[in-house]
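Structure at a glance
What follows is the residue order along each chain.
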Amino acid sequence: MKILVINAGSSSLKYQLLDMTDESVIAKGNCDRIGIGGHIKHTTFNGKTVDMDCEFPTHTEAFEKLVEVLTTGDAAVISSMSEIAAVGHRVVHGGEKFGATTIVDDDVIQAIDDLSELAPVHNHPHALALRACKNVLAPGTPQVAVFDTAFHSTMPEKAYMYGMPYEAYEKYHVRKYGFHGTSHRFVSQALADAMGKDIKDLKIVSCHLGNGSSITAVEGGKSVDTSMGFTPLDGVIMGTRSGCVDPSAVTYLENKMSLSPSEMSDYLNKKSGFLGISGISSDNRDISVAAEHGDKKAKLAGEMLRYEIKKYIGSYAAIMNGLDAVLFTGGIGENSDDLRADVCNNMEVLGIKLDEKANAGLHGKLAKISAPDSKVQVWVVPTNEELLIARDTKEIVEKNK
Ligand code: ADP
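1. What to know about the side chain of glutamine 16
Within the element layout of this structure, glutamine 16 appears in strand S2 (residues 12-19). Exposure remark for glutamine 16: the relative accessible area of 12% places this residue in the buried category. Sequence-distant contacts of glutamine 16, that is, excluding residues within four places in its chain, are made with Ile3, Leu4, Val5, Val25, Ala27, Lys28 and Glu386.

2. Quick look at the packing of helix H2 (residues 106-114) against helix H3 (residues 123-136)
Two elements in contact, H2 and H3, have axes separated by 8 Å at closest approach and are oriented at 155°. Comparing their axes, H3 and H2 come out roughly antiparallel. Our pair here, H2 against H3, has a crossing hand that is left-handed. Contact residues: H2 offers Asp106, Ile109, Gln110, Ile112 and Asp113, while H3 offers Asn123, His124, His126, Ala127, Leu130, Arg131 and Lys134. Counted by class, the contact of H2 with H3 contains four nonpolar, four polar and four charged residues.

3. A short note on the packing of aromatic side chains
The full count for this structure, using the stated rule, is five aromatic pairs. Ring geometry for tyrosine 177 against phenylalanine 230: centres 6.3 Å apart, planes inclined by 40°, an arrangement best described as tilted. Note that tyrosine 177 is positioned in the loop between helix H5 (167-170) and helix H6 (181-195) and phenylalanine 230 in the loop between strand S11 (222-226) and helix H7 (247-256), a separation of 53 residues in sequence. Their ring planes at 55° and their centres at 5.5 Å tell us that tyrosine 312 and tyrosine 316 sit as a pair that is tilted.

4. Let's talk about H6
Along its 15 residues, H6 runs 21 Å from first to last C-alpha, staying within 8% of the 21 Å computed at 1.5 Å per residue. Buried residues dominate H6, accounting for eleven of its 15 residues. Turning to H6, the residues buried within the fold contact strand S8 (143-147), strand S9 (203-209), strand S10 (213-219), strand S12 (325-329), strand S14 (377-380) and helix H15 (385-399). Remark: glycine 196 follows H6 within two positions and exhibits a positive phi of approximately 70°.

5. Description of the layout of surface pockets
Within this model, the second largest pocket holds a volume of roughly 310 Å³. Listed by contribution, the elements that provide at least two residues to the lining of the second largest pocket are S8, H6, S11 and H15. No other element matches H15, which puts four residues into the lining of the second largest pocket. Looking at side-chain class alone, the lining of the second largest pocket contains six nonpolar, eight polar and five charged residues.

6. Some words on the site of the ligand
Around the ligand, the surrounding shell consists of Gly210, Asn211, Gly212, Asp283, Asn284, Arg285, Gly330, Gly331, Ile332, Asn335 and His363. A distance of 3.0 Å separates an oxygen atom of the ligand from a polar side-chain atom of asparagine 211. When the ligand is considered free in solution it has 580 Å² of accessible area, and contact with the protein chains removes 67% of it. At the level of elements, helix H10 (284-292) and helix H12 (330-335) are the ones that each hand at least two residues to the shell around the ligand. In terms of residues, the shell around the ligand owes the most to one element, H12, which gives four residues. For the shell around the ligand, a count of residues per class yields one nonpolar, eight polar and two charged.

7. Remarks on the side chain of serine 188
Checked against the element boundaries, serine 188 lands in helix H6. A distance of 3.3 Å separates the side chain of serine 188 from the backbone oxygen of arginine 185, its partner in a polar contact. In this structure, serine 188 is in contact with Phe151, Ile199, Ile204, Val218 and Leu327, ignoring residues within four places of it in sequence.

8. Focus on the sheet that holds strand S4 (residues 39-44)
Strand order in the open sheet formed by eight strands is S5-S4-S3-S2-S1-S6-S8-S7, and the pairing between neighbours is mixed. With one partner strand each, in any of the chains shown, strand S5 (49-53) and strand S7 (102-103) form the two edges of the open sheet. Pairing geometry for strand S3 (residues 24-32) and S4, over six bridges, is antiparallel. Across the sheet, residue glycine 29 finds its bridge partner in S4, namely histidine 42. The strands touched by H3 within the sheet are strand S1 (2-8), strand S6 (84-91) and S8, with S6 carrying the most contacts at an inclination of about 165°.

Here is what the cut-offs are and how they apply
Residues numbered from 1 in each chain as written. Predicted model: local features only at pLDDT ≥ 70, side-chain atom pairs only at ≥ 80, totals over all residues. Heavy atoms only, no water. Helix = DSSP H or I, 4+ residues; strand = E, 2+ residues; numbered from the N terminus. Buried < 20%, exposed > 50% of the residue type's maximum accessible area, 1.4 Å probe, protein only. Contact = heavy atoms within 4.5 Å. Axes fitted to C-alpha atoms, helices over the stretch in contact; angles between N-to-C directions. Parallel < 35°, antiparallel > 145°, perpendicular 65-115°, else oblique. Left-handed = near helix turned anticlockwise from the far one by under 90°. Nonpolar A, V, L, I, M, F, W, Y, C, P; charged D, E, K, R; others polar. Phe/Tyr/Trp six-rings, centres within 6.5 Å; stacked < 30°, edge-to-face > 60°. Expected span 1.5 Å × (residues − 1). 1 Å grid on protein atoms, 1.4 Å probe; cavity = no way out; pocket = protein on both sides within 12 Å on 5 of 7 lines; lining within 4 Å. Points joined across faces, edges and corners; volume = space filled by probe spheres on them. Near = heavy atom within 4 Å. Polar contact = N/O pair within 3.5 Å; in protein donor to acceptor, adjacent residues only side chain to side chain. Areas by Shrake-Rupley, 256 points an atom, 1.4 Å probe, with all protein chains shown as cover. Pairing = 2+ DSSP bridges.

Structure follows, in structure tokens:
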């Protein structure tokens, strides 16, 4: 069974074609500059590539190109689109409507589009991609939506409500939704498998640390709390996002700097975080190099992230009344051994003890990095959202046959 996985952004369309008999990637690529030009980069399992400028006025043309490179020319991997059994789409926001992976029909596409109010940057492009895909696929090919928020739909009310008048929730749907759910679900299950334990018996803190970062308390396989909130701005300091700040600081700055709400949103989402603190870069590698060369603000940015991660681990251990494992994933979590060491250092109070040797130099590999006598196991678990989307898609399509 071949499954196409789509991750559509406002001006890009990333894809992977997977063969689910062995979960191998047959081809992958990215159509970008949609609406402002167009470019496709496509790579196959046997090293063939397409890398060219195109005309992509909308997602539909990008899709048509994707079909063309998959089915014709030197880097083709299938002879026709009818070989694709189903398409799985990453969808960022499922609101309260979608608590699980869902087969897509016209009503579902409309509901995803209607949720654009809560995720303007993401949901509308998802809806565009879903509609474009429908036009291009062989008739009857099922499409499936896998929601980033769905894994967090198990959070209790006391965790997802904000202490504001109840009407903010009832009338305007303001609550914590949480994001990166597909990743947290994938890595927490992969961790349980690696530990040889049933996930139902585990209390895990999952740290997904990349350009965007979120930390989730996973108890018995379910998300019980997470650091991102109503939007992916909340929680720990990120590449360009502030993470948690006192809302009064926001209204105060809006007044002082005469910023409109959308300018303030840009300030918090695009000019803050590592970039805002350091004035150098949003990228963890640049920050680390600058800190090593004695830049105080870069060092501060890195220290803030480490400190905040520690706070989340401690608070999530408290709400779960225990902790069996901590896992690191995402570009920073999988690659930054010094961050992992700093976070796990001085955490004996929680029963965390790192194996410095196992941790050092470890990049993007599944591995245990805690000491044999550590009460809490610490692991690096590479994430693979596309694979989980493909697995979910296969499962739901087979069930609904
Ligand atoms: P996104 O959230 O966009 O998916 P990623 O998960 O790819 O981002 O993470 C990007 C972050 O990972 C960047 O801050 C980058 O500096 C960091 N990163 C990638 N490789 C390394 C590395 N070898 N060492 C330290 N940090 C790294």
